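In case you want the letters, here they are:
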Amino acid sequence: MNFDQLNLAPAILRAVQEQGYTTPTPIQAQAIPVVLEGHDLLAGAQTGTGKTAGFTLPMLQLLSSRPARQPGAIRALVLTPTRELAAQVEESIRVYGKYLDLTSTVIFGGVGMNPQINRIARGVDILVATPGRLLDLEGQNHIDLSNVEILVLDEADRMLDMGFIHDVKKVLALLPKDKQSLLFSATFSDEIRELANGLLKSPKSVQVTPPNTTVERIAQVIYPVGRNRKKDVLAHLIGENDWSQVLVFTRTKFGANKVADFLNDKGIK
Ligand code: AMP
């Protein structure tokens, strides 16, 4: 499949092509048609799967193809758990929406409110926000969410892990009932399901398993070494690198005991 088959507007396809993307990722191929049809969506996708474009592209398409309910109103809200993610998502919206007549901005805590207030006062179609700052500004009457047509909860599981459940529920209470909601989460605990059940109306589900990836911040090294030298190499590495905390995995309990005894004998506690 390629992007041309997804029924996206030429202005959006052009921006996608400029990014050098030709083939939609699995989450994009599955989520984009569902969102374009106007369904609510429950999506299981981790970061790195291309999920951002998975909701951004159809959201841009829907907003640009129909009139606003209320001119000047916020038409789409994307909630994210962290400011870094909020900034990244808004950057994607700018990139993919560069040939469209839609505006966006991002708000998060930890920085001054006034530039955010001024930007919102000038009118934005798409608002990307973390829950705390959004509620602050709404509470001060700087934000009106009563005309939101599309809601995205991005990384909902992280949002709950970070203790934002009450804030998220408060935000949801400010939104109109009649809207399209998309919930993205890497994991599905009972709490996420409960949140999804309360929010989503007859949702379509899509689920992608991410390709096996490694954590980038962890360097991985292989030492090919004969069975009878493994413990020596381990002790050598620990001593050489002055490691103070090391986790060693073994295949058997017996092996674990032997490694521990060996290290203790070498003076490594
Ligand atoms: P995400 O999971 O949304 O954080 O995206 C992960 C990365 O994949 C980002 O750097 C995107 O720019 C990139 N990406 C998104 N969609 C595609 C695509 N269809 N082809 C190639 N790369 C993509």
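Sequence order sets the numbering: in each chain, residues are counted from 1 along the sequence as written. Only residues with pLDDT of at least 70 get local features here, since the model is predicted, and only at 80 or more are side-chain atom pairs given and counted; chain-wide, interface and lining totals rely on the full set of residues. Side-chain measures here rest on the full set of heavy atoms in the structure, leaving out hydrogens and waters.

Turning to the overall build of the protein, a few remarks are in order. Scanning the protein from N- to C-terminus turns up eleven helices and seven strands. In summary, the protein has a C-alpha radius of gyration of 24 Å against a globular reference of 18 Å for 269 residues, an excess of more than 25%. Burial statistics for the protein: of 269 residues in total, 45% are counted as buried. By sequence separation, contacts in the protein at least 24 residues apart represent 72% of the contacts at least 6 residues apart. For the protein, the accessible area works out to roughly 15300 Å², and carbon and sulfur atoms hold 49% of it. Charged side chains of the protein number 29 positive and 28 negative; the gap between the two group centres comes to 5 Å. Working definition: helices are DSSP H or I runs of at least four residues, strands are E runs of at least two. Numbering for both runs from the N terminus. Each radius of gyration is computed over the set of C-alpha atoms, and the globule rule expresses the reference value as 2.2 Å times the number of residues to the power 0.38. Burial classification: accessible surface area is computed with a 1.4 Å probe over protein chains only, and a residue below 20% of its type maximum counts as buried, one above 50% as exposed, and the rest as partly exposed. Whether two residues touch is decided by their heavy atoms; if any such pair falls within 4.5 Å, the residues are in contact. Here, Shrake-Rupley sampling with a 1.4 Å probe gives the accessible areas, and only protein chains in the shown set may cover a residue. Only four residue types enter the tally: Lys and Arg on the positive side, Asp and Glu on the negative side; His and the chain ends are excluded. Lysine's charge is taken at NZ, arginine's at CZ, aspartate's at CG and glutamate's at CD.

Reported here for the largest pocket is a volume of approximately 830 Å³. Forming the boundary of the largest pocket are 21 residues, of which Lys-230, Val-248, Phe-249, Thr-250 and Val-259 lie nearest the centre. When the residues that make up the lining of the largest pocket are grouped by side-chain class, the tally is twelve nonpolar, four polar and five charged. Grid points spaced at 1 Å over the protein atoms alone were grouped into cavities, where a 1.4 Å probe fits but cannot get out, and pockets, open sets with protein on both sides within 12 Å along at least five of seven lines, with lining residues defined by an atom within 4 Å of a point. Grid points are joined across faces, edges and corners, and a volume is the space filled by probe spheres set on the points. The computed volume of the second largest pocket comes to approximately 290 Å³. Considering the residues around the second largest pocket, the lining is formed by 16 residues, among which Thr-47, Gly-48, Thr-52, Leu-85 and Gln-88 are closest to the centre. Listing elements by their share of the lining of the second largest pocket, those giving two or more residues are helix 3 (51–64) and helix 4 (83–96). Element by element, the count of residues in the lining of the second largest pocket is highest for helix 4, at five residues. The classification used treats Ala, Val, Leu, Ile, Met, Phe, Trp, Tyr, Cys and Pro as nonpolar, Asp, Glu, Lys and Arg as charged, and all other residues, Gly among them, as polar.

We call a residue near a molecule or strand when any one of its heavy atoms sits within 4 Å of it. Phe-3, Tyr-21, Thr-23, Pro-24, Thr-25, Gln-28, Thr-47, Gly-48, Thr-49, Gly-50, Lys-51 and Thr-52 make up every residue found near the ligand. For this analysis, a polar contact is any N or O atom pair within 3.5 Å, provided that within protein one partner can donate a hydrogen and the other can accept it, and provided that sequence-adjacent residues contribute only side-chain to side-chain pairs. Taking Gln-28, its side chain carries an N or O atom lying 2.8 Å from a nitrogen atom of the ligand. For the ligand, the protein covers 66% of the area, taking 490 Å² as the surface of the free molecule. Cavities and pockets are treated as containing a molecule whenever more than half of the molecule's atoms lie within 2 Å of their grid points. One can see that the ligand is located within the second largest pocket. Each residue belonging to the shell around the ligand can be placed in one class, and the counts come to three nonpolar, eight polar and one charged.

Note on aromatic pairs: the rings of Phe, Tyr and Trp (six-membered ring only in Trp) are paired at centre separations within 6.5 Å, and the planes decide the class, stacked below 30 degrees, edge-to-face beyond 60, tilted for the rest. By the definition in use, this model includes one aromatic pair. Taking NZ or CZ as reference, Arg-14 lies 3.8 Å from the ring centre of Tyr-99, over its face. In this analysis the charged atom, NZ for Lys or CZ for Arg, is taken to sit over a ring once it is within 6 Å of the ring centre and within 35 degrees of the ring normal. Taking NZ or CZ as reference, Lys-231 lies 5.6 Å from the ring centre of Phe-262, over its face.

A separate point is helix 3. Helix length check: helix 3, at 14 residues, gives a terminal C-alpha distance of 20 Å against a target of 20 Å (1.5 Å per residue), a fit within 8%. Of all 14 residues making up helix 3, 13 are buried, and the element is well covered by its neighbours. To estimate the expected span of a helix, subtract one from its residue number and multiply by 1.5 Å.

Let us now look at the sheet that holds strand 7 (residues 204–207). On the basis of which strands lie adjacent, the open sheet formed by seven strands has the order 3-4-2-5-6-1-7 and parallel pairing. Unpaired on one side and paired on the other, strand 3 (104–107) and strand 7 mark the two borders of the sheet. Ignoring strand direction, the axes of neighbouring strands in this sheet form an average angle of 15°. We treat two strands as partners when DSSP finds at least two bridges between them. With axes taken as lines fitted to C-alpha atoms, and helix axes fitted only over the stretch in contact, angles between N-to-C directions fall between 0 and 180 degrees.

Time to look at the packing of helix 6 (residues 131–139) against helix 8 (residues 165–173). Direction vectors running N to C along helix 6 and helix 8 enclose 45°, while the axes themselves pass 9 Å from each other. It follows from the interaxial angle that helix 6 and helix 8 lie oblique. Judged by the sense of rotation from one axis to the other, the crossing of helix 6 with helix 8 is left-handed. Side by side, helix 6 and helix 8 meet where Pro-131, Gly-132, Leu-134 and Leu-135 of the first sit next to Asp-167, Val-168, Lys-170 and Val-171 of the second. In terms of residue class, the contact of helix 6 with helix 8 is built from five nonpolar, one polar and two charged. Any angle from 65 to 115 degrees is called roughly perpendicular, while one under 35 is roughly parallel, one over 145 is roughly antiparallel, and all others are oblique. Two helices that cross are described as forming a left-handed crossing if the nearer one is turned anticlockwise from the farther one by less than a right angle, and a right-handed crossing if clockwise.

A side-chain nitrogen of Lys or Arg and a carboxyl oxygen of Asp or Glu constitute a salt bridge if their distance falls within 4 Å. Summed over all chains, the structure comprises ten salt bridges. Between Glu-194 and Lys-169 there is a salt bridge, and its shortest N-O distance comes to 3.8 Å. Of the two residues, Glu-194 sits in helix 9 (residues 190–199) while Lys-169 sits in helix 8, which places them 25 residues apart along the sequence. Look at Lys-169 and you get partly exposed, because its relative accessible area is 42%. Salt bridges sharing partners connect three or more residues here, namely Lys-51, Asp-154, Glu-155 and Arg-158.

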